[in-house]
Amino acid sequence: MLKKELKVQTALDLLYVFPYKYIDRSRFYKISEIEDTETYVQIIGEFVDWQIVGTGHGQRLSAHFSDGKDVIEVVWFKGVQYLKLQKGVKYILFGKPSYYNRAYNIVHPDLELLSKVNIETRRGLEPHYNTSGEMKAGWLNSKAMRKIMEVLMPDLKKGIPDTLPLSLREHYHLMDLTQSLVNIHFPSDQAHLRKARERLKFEELFYIQLQILRQMKRREQQYVGFPMPRVGQAFNDFYFHHLPFPLTNAQKRVVKEIQTDLRSGKQMNRLLQGDVGSGKTLVALLCALLAKDNGFQTCIMAPTEILANQHMQTLSDLLKNTRTRVELLTGTTPKKQREQLHSALLTGKVDILVGTHALIEDTVQFANLGLVIVDEQHRFGVAQRAKLWEKNINPPHVLVMTATPIPRTLAMTVYGDLSVSVIDELPPGRKPIQTLHYTNLRRDGINRFIRQQIQTGRQIYVVYPLIEENKKMDLVDLENGYRYMCEHFPDCKVSMVHGKMKSKEKDLHMQAFARGETQILVATTVIEVGVNVPNASVMIVENAERFGLSQLHQLRGRVGRGADQSYCILLTRVELSKDTRKRMDIMVATNDGFRIAEADLQLRGPGDLEGTQQSGLPFDLKIASLSTDGQMLEIARHAAADILEEDPELTMDKNALYKAQLNKLKQRTVDWGLIS
Ligand code: ADP
Ligand code: MG
């Protein structure tokens, strides 16, 4: 069971199953000191009386426990028949208070006879372990885990080989591994626990950084980047004759940064961050033109078909009357056309290929692919990028564009091998979007507002959340919403778009809205990224409580693209959890994508982002957290960089331990994958 549930194979693995919390069992409480239902308490006292109350399922044992001064109720719902309470005997009672009928009571406490416990040895913090339902069913609860750990301690205390060399530990003041493992399970006090956690976190982050940075160095050495030194006809012709508006300073700076990379002879891996509407598409096009001037093709990938279509539209408009040829390839391109396209790509007639992310899985071959641009993909990790390299003899240059700013910790890990450019300026004349949060009770007022906006010629988005587990319900929500809008706005035309639609139909509706033929677009989050309709000035998000911050910010970015004042209206139910309220408040308070990304990471916490598979981290995190350990991550990165600086391949004797440990970690990741 340990193997299956915790992916544990050896005793050492077991020691790496860390407690998720500790309870101080050195302190004893008086009943009068109980003041919340969060803190476990430990009380010495006697039972005054007890009785069985109720019958059948509702049956319970209710007892009164006295500390000599006050009395508290203690209740058992289960196992009543096994309980043998004694009067006139002192117990240590341990449990978490609950609050019921305006008084504290304790349900299912642990009981020990005071005479059997040596209080002097009852020091320090008691570890508690997360256990799965399966494990509990097999009696492997937190207490059992604690017992197992206790059994392992004597052997552990004899000492195990450290996984970090002494020199590094000394330099960063880290506890040794044996002590850390002892103290993470059975800390003698808070200070020791802190040191133990610090060491174990550092180690995790350090090896991740060592791995990422080593790969990066290797790649730099192994692959020559395609040299693209020339600025030629394609770029200049477009820049001087077809550019629809002057570039913002930020766009200019970023193009220069990319150009420097393309010229360098090294393979570019660059992340381009720019808030929604900052004009990343144009930057992408300029880079593609540079590639063309140097005899290379470019492939631009978008996460959805709608978006790919839209890029195609934008780019072919921009490239009208130029000699640059752009083509579209998606999952729905007909076979015949597809074949023609394949051969046009191979003969080099196509300069820019636009498509969905599926392009990397596809069998398309290029004559000379030199640049890959990935648009709007938050989770385009190291592994996916590696796939691209098979498309040409050398890996093409890679530019990943994202509107969701990536918090520093992620930039250093999941995207740890990318250099970063930022467009920190919006095109001139944009008015900041006004964000408002209302509850469903305010619908009438909102409808009046929508009507008024439509009368001035603006268009409206209405977006419904999409929850994967329940696609049917989503659709019902959406269709009800569609009907509602049709009923309440009888003189308006309403479009509807959702993921289940045939892509042709989807496109038809999108295009109708984009051309201003319909005034309202009711949609699921398929429009979350990238869609560009400058005349749309109102974004209404239904059930906004079901969206995360980054998503809300993305959605909001669909408006505010023209010169008009735009609005984002977040509609929620009346009762909101604390976190949801915070999310709404942040959205209302700021338009700054970076602040939102940081807040998002804080609110969502580690669970969502960490875990190798989704995030693309080389190893799992067991104890460190990308949301709270940013500072340590930074230190660990420096430490790793220093080592690789001197010894990129870790071949020196003094670095042998690092190399061995990296191999072991990789091994482990693989093995575990096979088991689960
Ligand atoms: P995003 O960065 O979100 O992908 P887009 O590339 O879609 O942004 O650009 C948003 C809008 O801004 C588009 O309508 C585009 O034509 C316009 N735009 C881009 N660059 C400029 C500029 N330098 N000046 C004025 N408008 C611009
Ligand atoms: Mg875009």
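Quick look at helix α12 (residues 335-346)
A rise of 1.5 Å per residue sets the reference length of α12, with its 12 residues, at 16 Å; its end C-alpha atoms lie 17 Å apart and thus fit the reference within 8%. Along α12, the residues that are buried comprise Arg338, Leu341, Ala344 and Leu345. One side of α12 carries all its buried residues, which in axial view fall inside an arc of 125°. Away from its buried face, by an angle of more than 90 degrees, α12 presents the exposed residues Lys335 and Lys336. Looking at the packing, one finds that the buried side of α12 touches β11 (297-302), β12 (326-329) and β13 (352-356).

Some details on the pattern of salt bridges
Within the structure shown, the criterion is met by 25 salt bridges. For Glu46, the salt bridge is made with Lys90, and the minimal N-O distance between the two is 3.4 Å. Of this pair, Glu46 sits in strand β2 (residues 41-53) while Lys90 sits in the loop between β4 (71-76) and β5 (91-95); the two residues are 44 residues apart in sequence, bridging distant segments of the chain. Across the salt bridge formed by Asp162 and Arg199, the nearest N and O atoms sit 2.8 Å from each other. With Asp162 in the loop between α4 (142-157) and α5 (166-171) and Arg199 in helix α7 (residues 190-222), this pair connects stretches of sequence that are 37 residues apart. For the residue pair Asp162 and Arg199, the accessibility class agrees, reading buried in each case. Among the ionic contacts, a cluster of salt bridges with common partners joins Arg253, Glu257, Asp261, Arg270 and Asp424.

Quick look at the pairing of strand β21 (residues 536-541)
Regular strands have side chains that alternate between both faces of the sheet. Counted residue by residue, β21 has 6 buried out of 6 residues, so it is predominantly covered. Two strands pair when backbone bridges link them, and strand β18 (residues 459-463) and β21 are joined in this way by 5 bridges, in the parallel orientation. Paired with Gln459 across the bridge in β21 is Ala536. As defined by bridge partners, β21 adjoins strand β22 (residues 567-572) across 4 bridges and the pair is classed as parallel. Among the inter-strand pairings, Met539 is bridged to a residue of β22, identified as Cys568.

Focus on the sheet that holds strand β20 (residues 520-523)
Taken together, the 6 strands give an open sheet; going across it, the order is β17-β22-β21-β18-β20-β19, and neighbouring strands pair in parallel fashion. Among the strands making up the open sheet, the edge pair consists of β17 (434-439) and β19 (494-497). Strand-to-strand twist of the sheet, defined as the mean angle between neighbouring strand axes without regard to direction, takes the value 20°. Across 4 bridges, the pairing between β18 and β20 is parallel. When the bridges of β20 are listed, Tyr461 appears paired with Leu521. In the packing of helix α17 (residues 503-514) onto the sheet, the strands contacted are β18, β19, β20 and β21, and the crossing angle to β19 comes to about 140°.

Looking at the packing of aromatic side chains
Applying the stated criterion to the full structure yields 17 aromatic pairs. Between Tyr16 and Phe18, the aromatic rings sit 5.7 Å apart at their centres with planes inclined by 50°, giving tilted as the arrangement. With respect to burial, Tyr16 and Phe18 carry one shared label: buried. An aromatic cluster is defined as three or more aromatic residues linked by ring pairs; in this entry it consists of Phe47, Trp50, Phe65, Trp76 and Tyr91. A cation over a ring is seen here: Lys87 above Trp50, with NZ or CZ 5.6 Å from the ring centre. Above the ring of Tyr484, the side-chain terminus of Arg443 is found at 5.8 Å from the ring centroid.

The rules behind the values
- Position labels on residues start from 1 in each chain and follow its written sequence.
- Here chains are named by letter from A upward and ligands by number from 1 upward, in the order in which they appear as written.
- Per-residue local features of the predicted model are confined to residues with pLDDT of at least 70, and side-chain atom pairs are confined, for both listing and counting, to 80 or more; whole-chain, interface and lining totals are unaffected and use all residues.
- Remark: hydrogens and water are excluded; side-chain values derive from all non-hydrogen atoms of the structure.
- Going along the chain from the N terminus, every DSSP run of H or I of four or more residues is numbered as a helix, and every run of E of two or more is numbered as a strand.
- A helix's residues, less one, multiplied by 1.5 Å, set its expected span.
- Any residue under 20% of the maximum accessible area for its type is buried, any over 50% is exposed, and the rest in between are partly exposed; the area is computed with a 1.4 Å probe on protein chains only.
- The directions considered for the arc are those from the helix axis to the C-beta atoms.
- We call two residues in contact when some of their heavy atoms are within 4.5 Å.
- Any carboxyl oxygen of Asp or Glu within 4 Å of a side-chain nitrogen of Lys or Arg constitutes a salt bridge here.
- Here, any two strands with at least 2 DSSP bridges between them count as paired.
- Axes, fitted as lines to C-alpha atoms, cover a helix only where it is in contact. Angles between the N-to-C directions of the axes lie from 0 to 180 degrees.
- Stacked, tilted and edge-to-face pairs are distinguished by plane angle, under 30 degrees for stacked and over 60 for edge-to-face with tilted covering the rest, among Phe, Tyr and Trp rings (Trp via its six-membered ring) whose centres lie within 6.5 Å.
- Working rule: Lys NZ or Arg CZ, within 6 Å of ring centre, within 35 degrees of ring normal, means a charge sits over the ring.

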